[in-house]
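What follows is the residue order along each chain.
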Amino acid sequence: MELEKNAVRKRTAIFILSSVLVVSGCSSKKPFLMQPESTETIENEVTEENQNQIEKHENNDNAELEEIREYIIPQTLLSVAGISVEEWAEDLKNAYPENYYFNKVEINTNQEVVIGSSDIQKERYIELKEEVIGEALENANKKEDIRVEISNDYRKVKFLLGQNSNSAGFQETFVIVSTQIGIYQIFNGCEPEEWGFHLTIEREEEIILDVNVPDDSWEISSKELGG
């Protein structure tokens, strides 16, 4: 998402998600430890703890003086998020204090979001993505009865649907997890066209979906997801 709460809420009724890009290998720099926490957003709002850190570094941080590298959020990631390039760019600009995570947010001629960050800013942003993923997994487990397992290389994701899970909870969790993994991979060095993962969904120990995100087109009914 970078996305705010409204971006998720506007799209919880979508049950068909598709895209057309072939995924190739590109691992994240370090594995994610699956100890989920909780969130309602795709792009996490700045927490009080993060805000304190931002203020602490505000006057003695040279991040904006470092070399700026560009990271591209491609159309395939925007499609999974269900948000326009303009909305994503605007959400990014509004969500975070200037120069803490990036120096610029632009839209290129291919209608992709371009984020400019120094190495310091990139590391901060990667840490934020880890937090958002963790929060999303805890929220899914506690509130939606959905357990999500992510491999150490971020290339395999499994959804285990519990008896009380439903389609709205799956949709919100899928969008948050997918987009955050995509951003995490790209900021760890993946080419924009190489982001992706293998997705399996299980209910009552039966696999009901086995696809590659984002290259496979797929459809799953609300009934299969628990109504």
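Residues numbered from 1 in each chain as written. Predicted model: local features only at pLDDT ≥ 70, side-chain atom pairs only at ≥ 80, totals over all residues. Heavy atoms only, no water.

1. A word on the overall build of the protein chain
Tallying secondary structure elements over the protein chain gives 6 helices and 9 strands in all. With 227 residues in all, the protein chain has 51% of them scored as buried. Looking at the protein chain as shown, the accessible area adds up to about 10800 Å², and 43% of this sits on carbon and sulfur atoms. (Helix = DSSP H or I, 4+ residues; strand = E, 2+ residues; numbered from the N terminus. Buried < 20%, exposed > 50% of the residue type's maximum accessible area, 1.4 Å probe, protein only. Areas by Shrake-Rupley, 256 points an atom, 1.4 Å probe, with all protein chains shown as cover.)

2. Considering the pattern of salt bridges
Scanning all chains against the criterion turns up 7 salt bridges. A salt bridge links Arg147 to Glu149; its shortest N-O distance comes to 2.4 Å. Connected through shared salt-bridge partners, Glu70, Lys104 and Glu106 make up one network. (Salt bridge = Lys/Arg side-chain N within 4 Å of Asp/Glu carboxyl O.)

3. A look at the sheet that holds strand β8 (residues 206-213)
Remark on secondary structure: sheet strands pair via backbone hydrogen bonds, oriented parallel or antiparallel. One open sheet holds the 4 strands; their spatial order is β5-β6-β7-β8, and the pairing between them is mixed. Two strands lie at the open edges of the sheet, namely β5 (146-150) and β8, each paired on one side alone. Each neighbouring strand pair of the sheet contributes to a mean axis angle of 15°, computed without reference to strand direction. Note: strand β7 (residues 197-203) against β8, 7 bridges, orientation antiparallel. By the bridge assignment for β8, Arg203 is matched with Glu206. (Pairing = 2+ DSSP bridges. Axes fitted to C-alpha atoms, helices over the stretch in contact; angles between N-to-C directions.)

4. Comments concerning the side chain of Glu144
When you line up the elements, Glu144 lands in the loop between α5 (119-143) and β5. Buried and unpaired, Glu144 has no salt bridge, with Lys143 as the nearest side chain of opposite charge at 7.3 Å. Apart from the residues lying within four places of it in its own chain, the contact partners of Glu144 are Asn139, Asn164, Ser165, Asn166, Gly169 and Thr173. (Lys, Arg positive; Asp, Glu negative; His and termini not counted. Contact = heavy atoms within 4.5 Å.)

5. A word on the nonpolar core
With 54 residues, the main nonpolar core has Trp88, Phe159 and Leu199 as its most contacted residues. Ranked by residues supplied to this core, first place goes to helix α6 (residues 167-187) with 10 residues. Other than its neighbours up to four places away in sequence, Phe159 contacts Ile146, Arg147, Val148, Phe170, Thr173, Phe174, Leu199, Thr200, Ile201 and Glu202. (Core = buried A, V, L, I, M, F, W, Y, C linked by side-chain atoms within 4.5 Å.)

6. Things to note about α6
A rise of 1.5 Å per residue sets the reference length of α6, with its 21 residues, at 30 Å; its end C-alpha atoms lie 30 Å apart and thus fit the reference within 8%. Its side-chain oxygen at 3.2 Å from the backbone nitrogen of Ala168, Asn166 defines the N-terminal cap of α6. (Expected span 1.5 Å × (residues − 1). Polar contact = N/O pair within 3.5 Å; in protein donor to acceptor, adjacent residues only side chain to side chain.)

7. Re the sheet that holds strand β3 (residues 104-107)
Taken in spatial order, the 3 strands line up as β2-β4-β3 in an open sheet, and their pairing is antiparallel. In the strand order of this sheet, the two ends are held by β2 (69-73) and β3, each with one partner. Across the sheet, the axes of successive neighbouring strands diverge by a mean angle of 25°, strand direction being ignored. With 5 bridges connecting them, β2 and strand β4 (residues 113-117) associate as antiparallel partners. Across the sheet, residue Tyr71 finds its bridge partner in β4, namely Ile115. Against the sheet, α5 touches β2 and β4, its axis set at about 115° to β4. Strands β2 and β4 of the sheet are contacted by α6, whose axis makes an angle of about 150° with β2.

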